[in-house]
Amino acid sequence: MKTMKTLNLEEVVQYVEKNIGTFHEKRIQGLDSLKLSQVLKRKNPYLFKAKYVLTAEQIIRGIVDAHISSNEEGIFGDWLEGLAIYINEKVYGGKKSGIIGVDLEFDKDGVRYIVNIKSGPNWGNSSQIAKMVSDFKTAKKILRTSNSKLHIIAVNGCCYGRDRKPDKGDYFKYCGQSFWEFISGNKNLYIEIIEPLGHKAKEKNDNFIKLYSQMINKFTKEFADEFCKDSGEIDWEKLVQFNSSTIVEKKKN
């Protein structure tokens, strides 16, 4: 049985500072590959009309900001998962699992823990949670084929937030401080990892803001050219047709 090791916070800081650039690079890549037609087809044009949106820039900022927020949540969630696995490996010898639906496996006090890691507590609807529970059951069967007496506990770990009733019956749900303490043995880790996450954040964000501003200007011009009348008024009929018409557009040569 592997013994628990004390977490070296300096190693965590070094890991974060070395790898946080990956998050920023993916943020920029996600923005750089964005196409106006893609985001316009995903958003509700009726909502903009109902909110009395009158300018092309208002629409563009609304759809781009929503896309960025959603995209960043996913990118950073993946990054935090990597950090959690790194920390757990240092303390308990855990590893990224090869079983579908399980992100982390580790042994502690005679128990094999299988962990599904999410960003925050409100990550899924009832069917998505049912899928996670099903994945946990399948994972237990797989692990017990080689050791039928293996004591396995399933955990849904959330990097932030809280849940006052962690015992869900089929699994435990640990959020925020509870999650970081669970994987590291350090009850203050949830606070201690905040500072290194800001490593070169301003420098990286300045690059992102520059690209963001260029994207807003570019998309606003494209939108105005395509969906504004000569008077400057938004052509709502044309915008709704682009978004929702059953007529398939012919590709322009």
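Residues numbered from 1 in each chain as written. Predicted model: local features only at pLDDT ≥ 70, side-chain atom pairs only at ≥ 80, totals over all residues. Heavy atoms only, no water.

(A) View of the overall build of the chain. For the chain, the helix and strand inventory stands at 10 helices and 5 strands. The C-alpha radius of gyration of the chain comes to 23 Å, more than 25% above the 18 Å expected for a compact globule of 253 residues. C-alpha extents for the chain along the principal axes are approximately 75 × 40 × 40 Å. Split into buried and exposed, the 253 residues of the chain put 40% on the buried side. The long-range fraction of contacts in the chain, counting pairs at least 24 apart against all pairs at least 6 apart in sequence, stands at 65%. Summed over all atoms, the accessible surface of the chain reaches about 15,500 Å², with 49% contributed by carbon and sulfur. For the chain, the separation between the mean place of its 41 positive charges and that of its 33 negative charges on side chains is 5 Å. (Helix = DSSP H or I, 4+ residues; strand = E, 2+ residues; numbered from the N terminus. Rg over C-alpha atoms; globule rule 2.2 N^0.38 Å. Buried < 20%, exposed > 50% of the residue type's maximum accessible area, 1.4 Å probe, protein only. Contact = heavy atoms within 4.5 Å. Areas by Shrake-Rupley, 256 points an atom, 1.4 Å probe, with all protein chains shown as cover. Lys, Arg positive; Asp, Glu negative; His and termini not counted. Charge placed at Lys NZ, Arg CZ, Asp CG, Glu CD.)

(B) Quick peek at unusual backbone geometry. One non-glycine residue, Tyr 52, lies in positive phi territory at about 60°. Looking at where Tyr 52 falls in the secondary structure, it is placed in the loop between α3 (45-50) and α4 (56-92). On the basis of relative accessibility, which here comes to 62%, the residue Tyr 52 falls in the exposed class. In this structure, Asp 109 is a non-glycine residue whose phi angle is positive, near 55°.

(C) Looking closely at the pairing of strand β2 (residues 104-108). When strand β1 (residues 95-96) meets β2, the two strands line up antiparallel, connected through 2 bridges. What sits directly across from Lys 95, in β2, is Glu 105. Where β2 meets strand β3 (residues 111-118), 5 bridges bridge the pair, whose relative direction is antiparallel. Bridge pairing in β3 places Leu 104 opposite Val 115. (Pairing = 2+ DSSP bridges.)

(D) Representation of the nonpolar core in the model. Grouped together as the largest cluster of nonpolar side chains are 32 residues, with contacts concentrated most on Leu 83, Val 115 and Trp 180. Listing elements by their share of this core, those giving two or more residues are α1 (9-32), α4, β2, β3, β4 (152-158) and α6 (177-184). Here this core gets 10 residues from one element, more than from any other, and that element is α4. With 26 residues, the next largest nonpolar core counts Leu 40, Ala 56, Ile 234 and Phe 242 among its residues. (Core = buried A, V, L, I, M, F, W, Y, C linked by side-chain atoms within 4.5 Å.)

(E) Geometry of empty space enclosed by the protein. Applying the stated criterion across every chain, the model contains 2 cavities of 30 Å³ or more. Lining of the largest cavity is provided by Leu 40, Lys 43, Asn 44, Pro 45, Phe 48, Ile 59, Ile 63, Leu 239, Phe 242 and Asn 243. Mapped onto the lining of the largest cavity, the elements with two or more residues apiece are α3, α4 and α10 (236-244). The biggest single contributor to the lining of the largest cavity is α10, with 3 residues. Counted as a void, the second largest cavity has a volume near 40 Å³. What lines the second largest cavity is simply Arg 27, Gly 30, Leu 31, His 67, Ile 68, Asn 71, Glu 72 and Phe 208. Looking at the lining of the second largest cavity, the elements with two or more residues in it are α1 and α4. Sorting elements by how many residues they give to the lining of the second largest cavity places α4 first, with 4 residues. (1 Å grid on protein atoms, 1.4 Å probe; cavity = no way out; pocket = protein on both sides within 12 Å on 5 of 7 lines; lining within 4 Å. Points joined across faces, edges and corners; volume = space filled by probe spheres on them.)

(F) Representation of the sheet that holds β4 in the model. Sheet architecture is open: 5 strands sit in the order β1-β2-β3-β4-β5, paired in mixed fashion. Sheet topology places β1 and β5 (172-175) at the edges, where each strand pairs with a single neighbour. Across the sheet, α4 lies against β1, β2 and β3, angled at about 25° from β2, the strand it touches most. Against the sheet, α6 makes contact with β2, β3, β4 and β5, and its axis sits at roughly 105° relative to β5, the strand it touches most. (Axes fitted to C-alpha atoms, helices over the stretch in contact; angles between N-to-C directions.)

(G) Up close: the environment of Lys 137. When you line up the elements, Lys 137 lands in helix α5 (residues 126-144). Spatially, the C-alpha atom of Lys 137 lies 9.9 Å from that of Tyr 171, the residues being 34 residues apart in sequence.

(H) Representation of the side chain of Asn 243 in the model. Looking at where Asn 243 falls in the secondary structure, it is placed in helix α10. Within the structure, the side chain of Asn 243 is placed 2.6 Å from the side chain of Ser 244, a separation counted as a polar contact. Not counting residues within four places of it along the chain, the set of residues in contact with Asn 243 comprises Leu 40, Lys 41, Arg 42, Lys 43 and Pro 45. (Polar contact = N/O pair within 3.5 Å; in protein donor to acceptor, adjacent residues only side chain to side chain.)

(I) View of the packing of helix α9 (residues 201-227) against α10. It is the contact of α9 with α10, at a shortest axis distance of 9 Å, that shows an interaxial angle of 105°. Relative to α10, the element α9 is oriented roughly perpendicular. Along the contact surface, α9 presents Phe 223, Glu 226 and Phe 227, while α10 presents Lys 238, Leu 239 and Phe 242. In terms of residue class, the contact of α9 with α10 is made up of 4 nonpolar, no polar and 2 charged. (Parallel < 35°, antiparallel > 145°, perpendicular 65-115°, else oblique. Nonpolar A, V, L, I, M, F, W, Y, C, P; charged D, E, K, R; others polar.)

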